[in-house]
Amino acid sequence: MTINHDQNPLPAAAPIVSNVPGSFAWGVLTRRHPDLIATVRRLVPYPPAIQESLDQLLMTIDGTIPPLPAGSHDLATWQEWAAPYLGRSWVDVPFLWAESYFYCLLLEATGYFGSGPWAGIDPFAPQKNAELNTPDLARDLRDLDRLVAAPDQASLSAALAASLWGNRADLGFRISDPGAQGKDQVDDLVADDSAELWRLLDAGAPGRVHLIADNAGRELAADLVLIDRLLVTERAAIVALHLKPHPYYVSDATTADLLQVLRRLEEARDTASGIAARLTAAIGDGRLQVHAHSFWCSPLTFQKLPTDLATELAEATVVIIKGDLNYRRLVGDAHWDPTTSFQDLTSYFPAPLAALRTLKSDVAVGVGPDRLAHLESNAPGWRTDGTHAVIHVRS
Ligand SMILES: O=P(O)(O)OC[C@H]1O[C@](O)(CO)[C@@H](O)[C@@H]1O
């Protein structure tokens, strides 16, 4: 991958690290990661050699960051990225990098990138697929009849809201917060630039929309409904859907997950199966293009978009960027003053963009001062508990 080093650096703010006990980032590295290893072991019957590799990974969590094993996937690149941090404590290095490297080691430990019988077996597949059989998704699919029957703009707005809030409770979030399910009733948009998104789409219609996906399961189902609406209402002539080239964070969507969701929609019959049929046809005739660039599985901010990817994105009428992790990579995973302008921070990005994010980590920008004061006094967990969201647009 050729990384673009030519962009201006983001304005300075201290990167988030995880060494404050009780902080969100500390909880992810010291509590959520061991829980995740336990869940993977419970759901996939790995043999002794892989169990041992998982034990070794688990033991590093309270210790220091180990090198990747010899023969690891993309070894030279990761060695370069890891060089400043190896041998240090996980909690003392940038949170964005540490989380990403943990997933890299976890995939290696499970033999995902190996040449043996576990090669290509997604350790998170049981969790991702289970989400396709939840009552929440069944309810979402039943609601599609009304969504599709609504006038164009109402149907687009409903699909946008579903895609946004579908991001609320990814699997990592549910692992450490079993009460997350109950929070599905709380809606609170901290910033809503959706009018500007519709303006961009109308002005460029039928345009080229890129959607940088986040999670599989219920969120990807909602993203596909949004893509269908964009194509049916001719806001988009072509949609490029960017997925991960291999499993990454626990719930991140790959092409295999896309096929699972399409199958689930097909099986639901009626409106959902109509959407699956239209999207399948759109993949077949090139109106829905599936991309999976290796950059999406790197620990880098979007400032470092490789040239080929930046060139592809630059042609977009608008790039829709989903989720918390992509947002952290977009604005920089740092202790910004929350009133910092989103537009300024993302001015480097090569195309107009809309970020749809439910807040599940400490980064916050683009919040008005009054709103911020209100949130700090009335909703202390607003940055991390998944009850708040933003639609931020930069034209
Ligand atoms: O799936 P999303 O929305 O990118 O959320 C992933 C988020 O979950 C965490 O991995 C842990 O909550 C965050 O660190 C990360 O930003």
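Numbering of residues starts from 1 in each chain and follows the order in which that chain's sequence is written. Side-chain atom pairs in this predicted model are given and counted only at pLDDT of 80 or more, local residue features only at pLDDT of at least 70, and totals for whole chains, interfaces and linings cover all residues.

- Going by what an unreviewed UniProt entry lists, the protein chain is known as Damage-control phosphatase ARMT1 family protein and is assigned to Promicromonospora aerolata.
- UniProt positions are given in the numbering used here, feature names are shortened, and annotations may be inferred rather than shown by experiment. Recorded in UniProt under Sequence similarities (unreviewed entry), the annotation for the protein chain is "Belongs to the damage-control phosphatase family. Sugar phosphate phosphatase III subfamily."
- Under the Cofactor (unreviewed entry) heading, UniProt states for the protein chain: "Mn(2+)".

Here's the deal with the overall build of the protein chain
Consideration 1: When helices and strands are counted, the protein chain shows 16 helices and 7 strands.
Consideration 2: This radius of gyration counts C-alpha atoms alone. The globule rule is 2.2 Å times how many residues there are, raised to the power 0.38. Relative to its length of 395 residues, the protein chain is compact, with a C-alpha radius of gyration of 20 Å against a globular reference of 21 Å.
Consideration 3: In terms of overall dimensions, the protein chain has a C-alpha envelope of 55 × 50 × 40 Å along the principal axes.
Consideration 4: Per-residue burial over the protein chain gives 46% buried out of 395 residues.
Consideration 5: By the convention adopted here, residues make contact when the C-beta atoms placed from their backbones lie within 7 Å. Contacts spanning at least 24 positions in sequence make up 80% of the contacts within the protein chain whose residues lie at least 6 apart. Strands here mean DSSP runs of E at least two residues long; helices mean DSSP runs of H or I at least four residues long; both are numbered from the N terminus. Exposure is read from a count of other C-beta atoms within 10 Å of each residue's own; the residue is exposed at 12 or fewer, buried at 20 or more and partly exposed in between. C-beta atoms are placed from the backbone.

Thoughts on unusual backbone geometry
Consideration 1: With an omega of -10°, the peptide bond running from Ala 205 to Pro 206 counts as cis.
Consideration 2: For Pro 206, the position within the fold is in the loop between α9 (194-204) and β2 (207-212).
Consideration 3: Although it is not a glycine, Asp 74 adopts a positive phi angle of roughly 55°.
Consideration 4: Along the chain, Asp 74 turns up in the loop between α2 (48-60) and α3 (75-82).
Consideration 5: Look at Glu 234: it is not a glycine, yet its phi comes out positive at around 60°.
Consideration 6: Relative to the helices and strands, Glu 234 resides in the loop between α10 (217-232) and β3 (236-242).
Consideration 7: Judged by the 11 C-beta atoms lying within 10 Å of it, Glu 234 falls in the exposed class.

A closer look at the environment of Asp 188
Consideration 1: Looking at the secondary structure, you find Asp 188 in the loop between α8 (171-176) and β1 (189-192).
Consideration 2: Separated by 194 residues in the primary sequence, Asp 188 and Trp 382 have C-alpha atoms spaced 9.4 Å apart.
Consideration 3: Contact partners of Asp 188, with chain neighbours within four places excluded, come to Thr 387 and His 388.

Details of the sheet that holds β3
Consideration 1: Any two strands with at least two DSSP bridges between them are considered paired. Pairing within the open sheet is mixed, and its 7 strands lie in the order β1-β7-β6-β5-β2-β3-β4. Strand pairing shows two members of the sheet lacking a second neighbour, β1 and β4 (288-291), which therefore form its edges. The sheet shows a mean angle of 15° between the axes of neighbouring strands, taken without regard to direction.
Consideration 2: Here 6 bridges tie strand β6 (residues 353-358) to strand β7 (residues 389-394), and the two strands are oriented antiparallel to one another. Among the inter-strand pairings, Arg 357 is bridged to a residue of β7, identified as Val 390. Each axis is a line fitted through C-alpha atoms, and for a helix only the stretch in contact is used; angles between axes span 0 to 180 degrees, taken between their N-to-C directions.

Re the nonpolar core
Consideration 1: Joined through C-beta atoms within 7 Å, a set of buried Ala, Val, Leu, Ile, Met, Phe, Trp, Tyr and Cys residues constitutes a nonpolar core. By size, the foremost hydrophobic cluster in this structure holds 113 residues, and its most contacted members are Val 225, Ile 227, Val 239, Val 261, Val 318, Ile 320 and Ala 354.
Consideration 2: The biggest single contributor to this core is helix α4 (residues 95-109), with 12 residues.

Some points on the domain arrangement of the protein chain
Consideration 1: By the assigned domains, the protein chain splits into domain 1 (24-123) and domain 2 (128-394).
Consideration 2: Domain limits in this description derive from either an automatic procedure or a database domain assignment. For domain 1 versus domain 2, the distance between C-alpha centres works out to 26 Å.
Consideration 3: With 20 residues of domain 1 at the contact, the number on the domain 2 side is 14 residues.
Consideration 4: Ranked by the residues each element gives to the side of domain 1 that touches domain 2, the list is headed by helix α1 (residues 24-43), at 8 residues.
Consideration 5: Here the term charged refers only to Asp, Glu, Lys and Arg, the term nonpolar to Ala, Val, Leu, Ile, Met, Phe, Trp, Tyr, Cys and Pro, and the term polar to all other amino acids, Gly among them. Of the residues assigned to the side of domain 1 that touches domain 2, the class counts are 13 nonpolar, 3 polar and 4 charged.

Overview of the pairing of β2
Consideration 1: Within β2, 5 of the 6 residues are buried, which leaves it mostly tucked inside the rest of the structure.
Consideration 2: Looking at chain direction, β2 and β3 are connected through 6 bridges and run parallel. Bridged to Val 209 within β3 is Val 239.
Consideration 3: As for the winding sense of the linkage, the β-α-β connection from β2 through α10 to β3 is right-handed.
Consideration 4: With 4 bridges joining them, β2 and strand β5 (residues 318-322) adopt parallel strand pairing. In the sheet register, Val 209 faces β5, and the bridge partner there is Val 318. Orienting the strands away from the viewer, one traces the path from the first strand over the helix to the second; a clockwise path indicates a right-handed crossover.

Quick look at the packing of helix α11 (residues 255-267) against helix α12 (residues 270-285)
Consideration 1: Closest axis-to-axis distance for the α11/α12 pair is 6 Å, and the angle between their directions is 135°. Judged by the inter-axis angle, α11 sits oblique to α12. Crossing of α11 against α12: the hand is left-handed. Note on element contacts: α12 touches α11 through Ala 272, Ser 273, Ile 275, Ala 276, Leu 279 and Thr 280, opposite Leu 262, Leu 265 and Glu 266.
Consideration 2: Looking at side-chain class alone, the contact of α11 with α12 contains 6 nonpolar, 2 polar and 1 charged residues. Note on angle classes: values under 35 degrees are labelled roughly parallel, values over 145 roughly antiparallel, values of 65 to 115 roughly perpendicular, and the remainder oblique. Left-handed is the label given to a crossing in which the near helix is rotated counterclockwise from the far helix by less than a right angle, and right-handed is the label when the rotation is clockwise.

A closer look at the confidence of the model for the protein chain
Consideration 1: Of the residues in the protein chain, 92% have a pLDDT of 70 or more, and the chain-wide mean is 93.
Consideration 2: For this predicted complex, the interface confidence score (ipTM) comes to 0.96, while the overall pTM stands at 0.94. pLDDT expresses how confident the predictor is about each individual residue, on a scale running from 0 to 100.

Overview of the environment of Val 148
Consideration 1: Looking at the secondary structure, you find Val 148 in helix α6 (residues 135-149).
Consideration 2: Spatially, the C-alpha atoms of Val 148 and Arg 229 are 8.0 Å apart, while their sequence positions differ by 81 residues.
Consideration 3: The residues contacting Val 148, other than those within four sequence positions of it, are Ser 155 and Thr 271.

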